[in-house]
Amino acid sequence: MDKGLRQMAGIAVMAAGIACAAWLVFGAPHGWEGDVRLVRMAMGLGATGVISGGARLIFWKPESERAGKPSPTG
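Cut-off values and rules
Every chain begins its residue count from 1, and numbering advances along the sequence as written. At least 70 in pLDDT is required for a residue's local features to be given in this predicted model, at least 80 for side-chain atom pairs to be given and counted, and no such filter applies to totals for whole chains, interfaces and linings, which use all residues. Side-chain figures throughout are based on the complete set of non-hydrogen atoms in the structure, without hydrogens or water. Here a helix means four or more residues in a row that DSSP labels H or I, a strand means two or more in a row labelled E, and each is numbered from the N terminus. Note on exposure labels: buried denotes an accessible area under 20% of the residue type's maximum, exposed denotes more than 50%, and partly exposed covers the range between, all computed with a 1.4 Å probe on protein chains only. Should any heavy atoms of two residues lie within 4.5 Å, those residues are counted as being in contact. Computed with a 1.4 Å probe, the accessible areas rest on the Shrake-Rupley method; for each residue, only the protein chains presented here act as cover.

Counting its regular elements, the chain contains two helices and zero strands. When each of the 74 residues of the chain is scored for burial, the buried share is 11%. Put simply, of all contacts in the chain between residues at least 6 apart along the chain, 69% involve residues at least 24 apart. Of the roughly 5700 Å² of accessible surface on the chain, 68% is carried by carbon and sulfur atoms.

Below you can see the structure in the form of structure tokens.
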């Protein structure tokens, strides 16, 4: 995947995760009780995972470009 396309996809994924988290905090019904509270918690954890995945897409480096590995060109 092209670097620019991957970064744009990462931004879109991150924005979706932030939107879901913001809805859970500010827009979701706060009167949810019982098992639905567990669903809300799972959605919050999922939004956190989506935000983390978006950051990985934005700042991803291939194995050959990582700082710990020497480059084959010397």
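Having seen the structure, we can now continue with the description.
This part is about the side chain of R6. Mapped onto the fold, R6 is located in helix α1 (residues 3-27). The class for R6 is buried, based on a relative accessible area of 9%. The residues touching R6, leaving out its near neighbours within four places in the chain, are M1, L57 and W60.

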